[in-house]
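Structural description and commentary
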Amino acid sequence: MINIFNIILIIISLLSIFIKLFNKKIKKNMYFFLKKKYLINKINYFIDFIKEIFWSLIFILIFRSFIYEPFHIPSYSMMPTLIKGDFIFVEKFSYNIKNPFTNNILVYIKNPNYGDIIVFKYPKNKKLYYIKRIIGLPRDKIIYNENKKEITIYKSCIKKNLSCYLKPLIKYKLNNNINLTENNIFFLKKTFNLKIMNEIINNKKHNLFIINIKKKIKKNKIWIIPENMYFVMGDNRDNSEDSRFWGFLNKKFIIGKAKYIWLNIETQNNNYLNSIKLNRIGKIL
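Cut-off values and rules
- Residues numbered from 1 in each chain as written.
- Predicted model: local features only at pLDDT ≥ 70, side-chain atom pairs only at ≥ 80, totals over all residues.
- Heavy atoms only, no water.
- Helix = DSSP H or I, 4+ residues; strand = E, 2+ residues; numbered from the N terminus.
- Buried < 20%, exposed > 50% of the residue type's maximum accessible area, 1.4 Å probe, protein only.
- Contact = heavy atoms within 4.5 Å.
- Pairing = 2+ DSSP bridges.
- Axes fitted to C-alpha atoms, helices over the stretch in contact; angles between N-to-C directions.
- Polar contact = N/O pair within 3.5 Å; in protein donor to acceptor, adjacent residues only side chain to side chain.
- Salt bridge = Lys/Arg side-chain N within 4 Å of Asp/Glu carboxyl O.
- pLDDT = per-residue confidence, 0-100.
- Core = buried A, V, L, I, M, F, W, Y, C linked by side-chain atoms within 4.5 Å.
- Phe/Tyr/Trp six-rings, centres within 6.5 Å; stacked < 30°, edge-to-face > 60°.
- Lys NZ or Arg CZ within 6 Å of the ring centre and 35° of its normal.

**Quick notes on the overall build of the protein chain**
- For the protein chain, the count of helices and strands is five helices and 16 strands.
- When each of the 285 residues of the protein chain is scored for burial, the buried share is 43%.
- When contacts within the protein chain are restricted to residue pairs at least 6 apart in sequence, those whose partners lie at least 24 apart make up 59%.

As structure tokens, this is what we get:
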């Protein structure tokens, strides 16, 4: 959806640039080739309209291509941090500046870090856009305990020939103080025995939803992340299709970092005035 809109916007912007540069020649030739006056008037009106909105189109194109792009949260996979119905701004220059036509990196800024919430192209279907949290960086070793629903991260395993740093980067503790919105309560009613945890990655804290059912699984899942790859997970750990299932995320598929919630519309509510949740507006942590 975002990609189609960008393509349409680019085409319209290029058309407006062409009209802006050659509008006099276009009008002159139009009088020569077109004999019907009403057609000439309509085309004149269209040309003048494009000229009026030219700078607005250029601003929108630059804003969406290099600065911020809107994104809608379609699922529950990032609860409780992001809930279904949130509209967010994705900061596209957080990590690098890309060519909007070829997606090649023009200017490198920095690498993604632990705990960043990112929007990216789904590796198995580039037309789909996913949003998850970065859990592991290139060269990290990830150990996932399915019984406790806990992760252990060891840094720089590949670089150190698998003799990783011994200190894990992640901690957990129970959190019963979270304020639940109507959207959260709607989801909780459909979830059995849910508990809320604090996850602290490299001193960055956020909340998780975890179904409090222990599985009898003897072996932990272990991943070692290759170069230029990332391990991503949803904050709603038992309702998220993420790197545990489809593998590592290539750096080239990252669109940007989720920064701000600018609106929430609760789609379950048929009263659209009451559906708008302004209290959701704010910075994403």
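**Description of the sheet that holds strand β8 (residues 150-154)**
- One open sheet holds the three strands; their spatial order is β8-β7-β12, and the pairing between them is antiparallel. The strands lining the two open edges of the sheet, one partner per strand, are β8 and β12 (221-224). Averaged over all adjacent pairs, the angle separating strand axes in this sheet is 15°, with direction ignored.
- Bridging between strand β7 (residues 141-145) and β12 involves four bridges; their strand directions are antiparallel. Counterpart to Y144 in the pairing with β12 is K221.

**Overview of unusual backbone geometry**
- For the peptide bond that leads from M79 to P80, omega is 5°, which places it in the cis range.
- By the element assignment, P80 lies in the loop between β1 (68-72) and β2 (86-91).
- Its identity is not glycine, yet R139 carries a phi of approximately 80°, on the positive side.

**Things to note about the environment of I134**
- Mapped onto the elements, I134 comes out in strand β6 (residues 129-136).
- Separated by 21 residues in the primary sequence, I134 and N113 have C-alpha atoms spaced 7.0 Å apart.
- Among residues more than four places away in sequence, those in contact with I134 are P112, N113, Y114, G115, D116, I118, I201, Y230, F231 and V232.

**Comments concerning the side chain of N198**
- Checked against the element boundaries, N198 lands in strand β10 (residues 194-201).
- N198 gets classed as buried once you look at its relative accessible area, which sits at 7%.
- Only 2.6 Å separates the side chain of N198 from the side chain of N207, close enough to count as a polar contact.
- Not counting residues within four places of it along the chain, the set of residues in contact with N198 comprises K171, Y172, K173, N175, K205, H206 and N207.

**Some points on the pattern of salt bridges**
- Considering all chains together, one arrives at ten salt bridges under this definition.
- Of the charged contacts, one joins E69 and K92 as a salt bridge, the two residues approaching to 2.7 Å between their closest N and O atoms. Note that E69 is positioned in strand β1 and K92 in the loop between β2 and β3 (96-98), a separation of 23 residues in sequence. Pair check on accessibility: E69 and K92 agree, each one buried.
- Its salt-bridge partner being D116, residue K257 comes within 3.6 Å of it at the nearest N-O pair.

**Overview of the sheet that holds β10**
- Spatial strand order, β9-β10-β11: three strands in an open sheet with antiparallel pairing. Across the chains shown, the open sheet's two edge strands, defined by having one partner strand only, are β9 (170-174) and β11 (204-211). Going across the sheet, the axis of each strand differs from the next one's by a mean of 30°, ignoring polarity.
- The pairing of β9 with β10 spans five bridges and is antiparallel. Counterpart to Y172 in the pairing with β10 is E199.

**Here's the deal with the confidence of the model for the protein chain**
- Predicted confidence across the protein chain gives a mean pLDDT of 78, with 68% of residues reaching 70 or more.
- Of all helices and strands in the protein chain, the one with the weakest mean pLDDT is helix α3 (residues 182-188) (55), whereas strand β13 (residues 229-233) scores best (97).

**A closer look at the nonpolar core**
- Judged by nonpolar contacts, the single largest core of 30 residues is most densely connected at I118, I151, I153 and L249.
- Of all the elements in the fold, those that place two or more residues in this core are β5 (117-121), β6, β7, β8, β9, β10, β11 and β13.
- For this core, the leading source of residues is β13, giving four residues.
- Ignoring anything within four residues of it in the chain, the contact list for I118 reads Y95, Y130, I131, K132, I134, V232, L249, I254, G256, K257 and A258.
- Core analysis: the next-biggest nonpolar cluster, separate from the first, contains 14 residues, I117, V119, Y129 and I255 among them.

**Structural notes on the packing of aromatic side chains**
- Taken as a whole, this structure holds eleven aromatic pairs when the rule is applied.
- Between Y68 and F93, the ring centres sit 5.9 Å apart and the planes meet at 75°, which makes this aromatic pair edge-to-face. One end of the pair, Y68, is in strand β1; the other, F93, is in the loop between β2 and β3, and 25 residues separate them in sequence.
- With 4.4 Å between their ring centres and 10° between their planes, Y122 and Y130 make a pair best called stacked. Each member of the pair, Y122 as well as Y130, is classed as buried.
- Aromatic rings pair up to connect Y68, F87, F89, F93, Y260 and W262 into one cluster.
- Lying across the ring of Y144, R244 places its NZ or CZ 5.4 Å from the centre.

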